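# Structural description and commentary
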Amino acid sequence: MPDLTTPSSANSDEAVGLEDTSDHDLIEIETSGAVGETLLEVDHVTLRFGGVVALNDVNFEIRRGEILGLIGPNGAGKTTCFNAMTGVYTPTEGKIRFKGKEIAGTKPHKINHLGIARTFQNIRLFPEMSALENVMVGCDARHKSSVVGVLFRSYRVRPTEAELPESGIRRSLAKVFGVSRHTLEERAGRRRSMELLRFVGIADRAHELARNLPYGYQRRLEIARALATEPELICLDEPAAGFNPAEKEDLMGLIRRIRDLGHTVLVIEHDMKLVLGVTDRIVVLEFGSKIAEGTPEEVARNPKVIAAYLGEPDDAA
Amino acid sequence: MDFDNLINGLDRATLDGITRGSIYALVALGYTMVYGVMKLINFAHSEVFMVGTWTVLGVYTVIGATSSSGLGMVIGATLLALLAAMLASAGTALAVERIAYRPLRKKGAPALIFLITGIGCSMVLVEVFGQVLRFFFGPPFGRVTVNIPAVLETKTVFTIPGVDLAVSNTRILIIVGAIVMMLALDAFVNKSRLGRGVRAVAQDPDTASLMGVNQERVIMLVFVLGGAMAGVAALLYTVQYDITKFDIGFIIGLKAFTAAVLGGIGNLRGALVGGLFLGIVEVYASAIWDSSWTNVYAFVVLVVVLMFRPTGILGESLGKARA
Amino acid sequence: MSQILDAYRGLRLGDRWDGAPTVVRWAVMLLVIAFAFYLPYLNILPFAYIRTDLTSSGSDWASVLFLVVVYMIVAVGLNVVIGLAGLLDLGYVGFYALGAYSIALFGSTNSPVVQAMQSKFGLSEEWAVPFAVCIPIAITMSLIAGVFLGAPTLRLRGDYLAIVTLGFGEIIRITARNLDNVTNGAAGITQVPVPPGPEIDGRAFFNTIDAERWYWLALTILILIIWLARRLEHSRVGRAWLAIREDEDAASVMGVAGFKFKLWAFAIGATLGGLAGLLFGSKQQYVEPNAFMVNLSFLFVAMVVIGGSGNIFGALLGAFLLTYLPERFREFVDWRPFAFGVALVLVMILRPQGLVPSRRRAREFEDRRHEAEEAAADA
């Protein structure tokens, strides 16, 4: 039976804010543009599968530094849109551009290297690896050591003062021969991963296999793993699925703090309350078309949106 | 390269290829059905075929059928051998499933482990005929090639005019027999209630079990059906080649699996197409180049086809679409 | 049996090992290595019962040890491919054969290739490519074969990889058998060169009699390889392999270049297979196609899986058991394949995770306890 209790280190926004000041520079990311400029552009995208129109002339943009919500009833095309944005589908018409570059047809790992990361609606961790290792795989996306470099420690770099070992002989050796890039990356990756686990509030079980973690931890671990790849845009696919109200509250805090680290966040959600509470702007899809876009207040008042959601009172609750 | 050799003997080579391909196709069915339902390469299937050939030998020996038997005896012996081979092969396949796969399924073991137990079963079966039975009963068991009486004597039935190609009774039996069995199986899977269950599990095991399809029964069924088809293949093989051996299954199994992949694994008609294609390519290539490389041609063809059509010639489907 | 093993695991030997001070770990490691080097002379009762030459029909003990170590090299290589990257390679014998044949083809005066070179360049009949040059040739050939086989097939689904590699193993053997004017065909190649060394007692240092020297050579190489393999395992490369094995799509979304790392795994596996084959061919001083039957591939896979896929020490144990036991009980030589088959089925059914399953949780970093405590303090 999965343990759904809330991780204690992140039980409220403020509490975390207090203890979390320690190492934020370790996990903050550098962004290459100004807040508010267009980061990802969905430019009049139409997507057809055979005769079925999955997306019909959908048009919106994600701006740097914002939290954007993408909502809609079941079958509205949220996940299709999401998949098109992460390169799984190529639009029939229209373009999807990330930082001005078209991303259709780019391989998934290249898209990640461009700066887009995502989580999965149905959790897809690496179950036989520890939580820490899962996050380190994410960190590795930014690492450069090659197979040969790992085997023979052949790529040496001159360490900074902080990176030098403390003890005598090793310190002298490192000064003379340098340190292998692999060693430095490994060390930095481990520290950053640990910090990210702390950030999402699951560091206490860092060494447990991902498969053995409780459900809530697994969801957070997925977020940490995605953050580890230092994405400029992080896409969360129904991050609150299966959460109780208290956990949802925590998640809202976490999403805001993710933005504060410098990431732009896209949230796909069913849960209206969560989306209205955390996002800056919302795009609403229905039957593959965009029916509304605006601030949470505007969207909540929009009669079309209300009509669309009347069919699913459970989700709006 | 000797294209003249191929062109001069094209008719004969084609007939050879189709004969060979029919047997590959029948054995391929077992691989393809099990794969379609369980996403598993049943490594022991080649030995299911091998058991069938020994059963044929056993039946002939017991009832004393030889090449000089009368017509009634020939028909009776062949039918009896067919029935016995089908039963023995199906039984072997089922036993393999029970012993090597079911316990692992219960434990939810990774796919690799199934393959290993399959290989283990295959070795055990090979050794039963190569060592264990020899130890207790002596010849014909052992590690040598054994002759099977040619109960059905090869006779030319008719000659295709124009190309002057003699078609023998054994070839007709093999090709017609294989095609009839394939059609019957295809009809069974597509039309019958049990067949629907097979297709349902192949498409989506979870949904199928929610819909009340008994997955264990479907798995048993595909092993039995695949085994029976291998039994038919075994009889047809002995009719054409008159031999068996403890490790006869390996190469035929390998070729049959190649045929299944070529045609599109999980696809029954793909097994037929793949089998015939592989048989003909092998014979043609052997005519052009050198027959000692036959097995190499098969794999070169496989790699080339997979490079350009990763799902095989007809695509993969036992149900309709595979995830 | 599985209960006993579970109880054994309950002792958490591995955790204790991780908890021991560095000095102790080094000492234990050195002791184990020293003991391994001493094994050919093992003569203390009751341990001497493990020797294989207790009866006159037994096999030479040092030669058995040599074979065990060669197969351990194979197992370490195949563990990278199967255990870490999760790629099912059923044609590993092909790389093993390539390694053995490379050294034979270029290093033996009996080889048609060398003879062709002699007549082409007007060299003496004693001339052959020196041993030291044969090593890089063998390694390069296996590596190239690995890349050539992997590049088109690693994009395919895993099951197809199994069948294509199986075919590859057969192709190598058939090629060796059929190309009479290159490989001497079924007759094989004799006079495969041995490593250079000083003459002792009028014999070359590496000869057919003093098998323990071969064993020491192979053991040294094995230790080196284990050391390098563990480096890979505990790096971004090893993590990428595991991630691919666990969920390839998710891994690629997390920025892991799946194809690249799979190809590396394949190439590394091929290289180690070739290296093991080279040692084998050189010690036998004779290679022939029938030494590389497809059953050997199954044996190799079984070593990795029986020991515990993904764990180097499991693979070593598997290699030891599956090589040593048949030699120890040689009087039942005809029953070997049968017993092997039965053992495979039984072990896998009783213990699908292998005899020494990978302790993934504990294969962590030196300061993991420290980190855990730190995190607990934070929480």
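Residues numbered from 1 in each chain as written. Chains lettered and ligands numbered in written order. Predicted model: local features only at pLDDT ≥ 70, side-chain atom pairs only at ≥ 80, totals over all residues.

### Here's the deal with the overall build of chain C
- Counting its regular elements, chain C contains 17 helices and two strands.
- The contacts in chain C between residues at least 6 apart in sequence include a share of 78% that link residues at least 24 apart. (Helix = DSSP H or I, 4+ residues; strand = E, 2+ residues; numbered from the N terminus. Contact = placed C-beta atoms within 7 Å.)

### Considering the overall build of chain B
- On a plain count of helices and strands, chain B comes out with twelve helices and four strands.
- Relative to the globule expectation of 20 Å for 323 residues, the C-alpha radius of gyration of chain B, 20 Å, shows essentially globular dimensions.
- Principal-axis analysis of the C-alpha atoms gives chain B an extent of 60 × 50 × 35 Å.
- Of all 323 residues assigned to chain B, the portion counted as buried reaches 51%. (Rg over C-alpha atoms; globule rule 2.2 N^0.38 Å. Buried ≥ 20, exposed ≤ 12 C-beta atoms within 10 Å, placed from the backbone.)

### Considerations on the UniProt feature "transmembrane region" (unreviewed entry) in chain C
- Mapped onto this numbering, the UniProt entry annotates "transmembrane region" (unreviewed entry) at residues 23-41, 61-82, 89-107, 127-151, 213-229, 263-280, 292-325 and 337-356 of chain C.
- Annotation note: span residues 263-280 of chain C, helix share 100%, strand share 0%, distance between end C-alpha atoms 26 Å. (UniProt positions renumbered as here; feature names shortened; annotations may be inferred.)

### Observations concerning the interface of chain B and chain C
- Residue-level contacts link 34 residues of chain B with 31 residues of chain C.
- Breaking the side of chain B that touches chain C down by element, the ones donating at least two residues are α4 (71-107), α5 (111-137), α10 (248-263) and α12 (294-308) of chain B.
- Here the side of chain B that touches chain C takes 13 residues from α5(B), the largest share from any one element.
- Here the residues of the side of chain B that touches chain C are counted per class, giving 26 nonpolar, six polar and two charged. (Nonpolar A, V, L, I, M, F, W, Y, C, P; charged D, E, K, R; others polar.)

### As for the interface of chain C and chain A
- At the junction of the two partners, chain C supplies 32 residues and chain A supplies 38 residues.
- Of all the secondary-structure elements, those providing two or more residues to the side of chain C that touches chain A are α10 (211-233), α11 (236-246), α12 (248-253) and α17 (368-378) of chain C.
- Each residue belonging to the side of chain C that touches chain A can be placed in one class, and the counts come to 18 nonpolar, three polar and eleven charged.

### Regarding the sheet that holds strand β5 (residues 101-102) of chain A
All names here are of chain A.
- The strand order across the open sheet formed by four strands is β2-β1-β4-β5, and the pairing between neighbours is antiparallel. On the outer flanks of this sheet lie β2 (52-63) and β5, each paired with one strand and no other.
- Note that strand β4 (residues 93-98) and β5 share two bridges and pair antiparallel. Considered in β5, the bridge of Phe-98 is made with Lys-101. (Pairing = 2+ DSSP bridges.)

### Quick look at the environment of Thr46(A)
All names here are of chain A.
- When you line up the elements, Thr-46 lands in strand β1 (residues 38-49).
- Judged by the 16 C-beta atoms lying within 10 Å of it, Thr-46 is partly exposed.
- Along the primary structure Thr-46 and Gly-288 are separated by 242 residues, whereas in three dimensions their C-alpha atoms are 8.8 Å apart.
- If sequence neighbours within four positions are ignored, Thr-46 has contacts with Leu-55, Asn-56, Asp-57, Pro-91, Thr-92, Glu-93 and Gly-94.

### Examining the UniProt feature "transmembrane region" (unreviewed entry) in chain B
Residue and element names in this part refer to chain B.
- As recorded in UniProt, the feature "transmembrane region" (unreviewed entry) lies at residues 23-41, 48-67, 73-96, 108-130, 172-189, 218-240 and 295-315.
- Summarising residues 218-240: 100% helix, 0% strand, and an end-to-end C-alpha distance of 33 Å.
- Secondary structure over residues 295-315 splits into 67% helix and 0% strand, and the C-alpha atoms at its two ends are 24 Å apart.

### Quick notes on the environment of Val273(B)
Residue and element names in this part refer to chain B.
- Secondary-structure assignment places Val-273 in helix α11 (residues 268-288).
- For Val-273, a count of 20 C-beta atoms within 10 Å gives the class buried.
- When the C-alpha atoms of Val-273 and Ile-313 are compared, they prove to be 8.0 Å apart, with 40 residues separating the residues in sequence.
- Each residue touching Val-273, except ones within four places of it in the same chain, is listed here: Gly-263, Ile-313 and Leu-314.

### Structural notes on the sheet that holds strand β3 (residues 67-71) of chain A
Residue and element names in this part refer to chain A.
- One open sheet accounts for six strands, arranged β6-β9-β10-β3-β11-β12; its pairing is mixed. The sheet is open, and its two edges are formed by β6 (116-118) and β12 (289-294), each paired on a single side. Neighbour to neighbour, the strand axes of the sheet diverge by 20° on average, direction disregarded.
- Against the sheet, helix α10 (residues 245-260) makes contact with β3, β9 (233-237) and β10 (264-269), and its axis sits at roughly 155° relative to β10, the strand it touches most. (Axes fitted to C-alpha atoms, helices over the stretch in contact; angles between N-to-C directions.)

### Some details on the pairing of strand β2 (residues 156-160) of chain B
Residues and elements named next belong to chain B.
- Across the five residues that make up β2, only a small minority, zero, are buried.
- The sheet contact formed by β2 and strand β3 (residues 165-168) spans four bridges and is antiparallel. Looking across to β3, one finds that Ile-160 is bridged to Leu-165.

### Some points on helix α16 (residues 336-350) of chain C
- In a regular helix each residue adds 1.5 Å, so 15 residues correspond to 21 Å; α16(C) covers 21 Å between its end C-alpha atoms and thus fits that length.
- Here α16(C) has its buried residues at Phe338(C), Phe340(C), Gly341(C), Leu344(C), Val345(C), Val347(C), Met348(C) and Ile349(C).
- Packed against the buried residues of α16(C) are α4 and α5 of chain B together with α14 (294-308) of chain C. (Expected span 1.5 Å × (residues − 1).)

### Things to note about the packing of α5(B) against α16(C)
- Remark: α5(B) packs on α16(C), axes separated minimally by 7 Å, with the N-to-C direction vectors making an angle of 150°. Put simply, α5(B) runs roughly antiparallel to α16(C). Crossing handedness for the pair α5(B) and α16(C): left-handed. Facing α5(B), whose interface residues are Ile113(B), Ile116(B), Thr117(B), Ile119(B), Gly120(B), Cys121(B), Met123(B), Val124(B), Glu127(B), Gln131(B) and Val132(B), α16(C) presents Pro337(C), Phe338(C), Phe340(C), Gly341(C), Val342(C), Leu344(C), Val345(C), Met348(C) and Ile349(C).
- Its residues assigned to classes, the contact of α5(B) with α16(C) comprises 15 nonpolar, four polar and one charged. (Parallel < 35°, antiparallel > 145°, perpendicular 65-115°, else oblique. Left-handed = near helix turned anticlockwise from the far one by under 90°.)

### Looking at the arrangement of the chains
- No other pair of the two pairs of chains in contact has as many contacts as chains A and C.
- Taking C-alpha atoms only, the smallest gap left between chain A and chain B, which are not in contact, amounts to 12 Å.

### Description of unusual backbone geometry
- Residue Pro140(B) is reached from Pro139(B) by a cis peptide bond, and omega for that bond is 10°.
- When you line up the elements, Pro140(B) lands in the loop between α5 and β1 (146-147).
- In this structure, His44(A) is a non-glycine residue whose phi angle is positive, near 45°.
- Along the chain, His44(A) turns up in strand β1.
- Residue His44(A) is classed as partly exposed on the basis of its C-beta count, with 13 C-beta atoms lying within 10 Å.
- In this model, Gln285(C) sits at a positive phi of 60°, which is unusual for a non-glycine residue.
- Here Gln285(C) shows up in the loop between α13 (258-284) and β2 (286-287).

### Some details on the packing of helix α4 (residues 61-84) of chain C against α14(C)
All names here are of chain C.
- One way to put it is that α4 packs onto α14 with a least axis distance of 9 Å and a crossing angle of 75°. The angle between α4 and α14 places the two elements in the roughly perpendicular class. Facing Tyr-71, Val-74, Ala-75, Leu-78, Asn-79, Ile-82 and Gly-83 of α4, the residues of α14 in contact are Phe-300, Val-301, Met-303 and Val-304.
- Residue classes in the contact of α4 with α14 are distributed as nine nonpolar, two polar and no charged.

### Concerning the pairing of β1(A)
Residue and element names in this part refer to chain A.
- Sheet topology places β1 next to β2; eight bridges connect them, and they run antiparallel. Each bridged residue has a counterpart across the sheet, and for Leu-40 the counterpart in β2 is Ile-62.
- A loop of two residues connects β1 with β2, the two strands running antiparallel in sequence, and Gly-50 in this loop sits at a positive phi of about 60°.
- Of the pairings in the sheet, the one linking β1 to β4 comprises five bridges and is antiparallel in character. Within the sheet, the bridge partner assigned to Thr-46 lies in β4 and is Glu-93.

### Side note on the confidence of the model for chain B
Residue and element names in this part refer to chain B.
- Per-chain confidence: chain B averages 86 in pLDDT, with 97% of residues scoring 70 or above.
- By mean pLDDT, the top-scoring element of chain B is helix α3 (residues 45-63) (92), and the lowest-scoring one is helix α1 (residues 3-8) (76).
- Low pLDDT, under 50, characterises residues 319-323; the predicted model gives this stretch eight contacts beyond four residues in sequence or across chains. (pLDDT = per-residue confidence, 0-100.)

### Points about the confidence of the model for chain C
Residues and elements named next belong to chain C.
- Averaged over all residues, the pLDDT of chain C equals 84, while 89% of them reach at least 70.
- Counted against residues more than four places away or in other chains, residues 360-370, with its pLDDT under 50, gives 14 contacts.
- For this predicted complex, the interface confidence comes out at an ipTM of 0.85, alongside a pTM of 0.86.

### Notes on the environment of Thr160(A)
- Tracing the sequence through the fold places Thr160(A) in the loop between β7 (156-157) and α7 (168-177).
- Once the C-alpha coordinates of Thr160(A) and Val179(A) are considered, the two residues, 19 residues apart in sequence, prove to be 9.9 Å apart.

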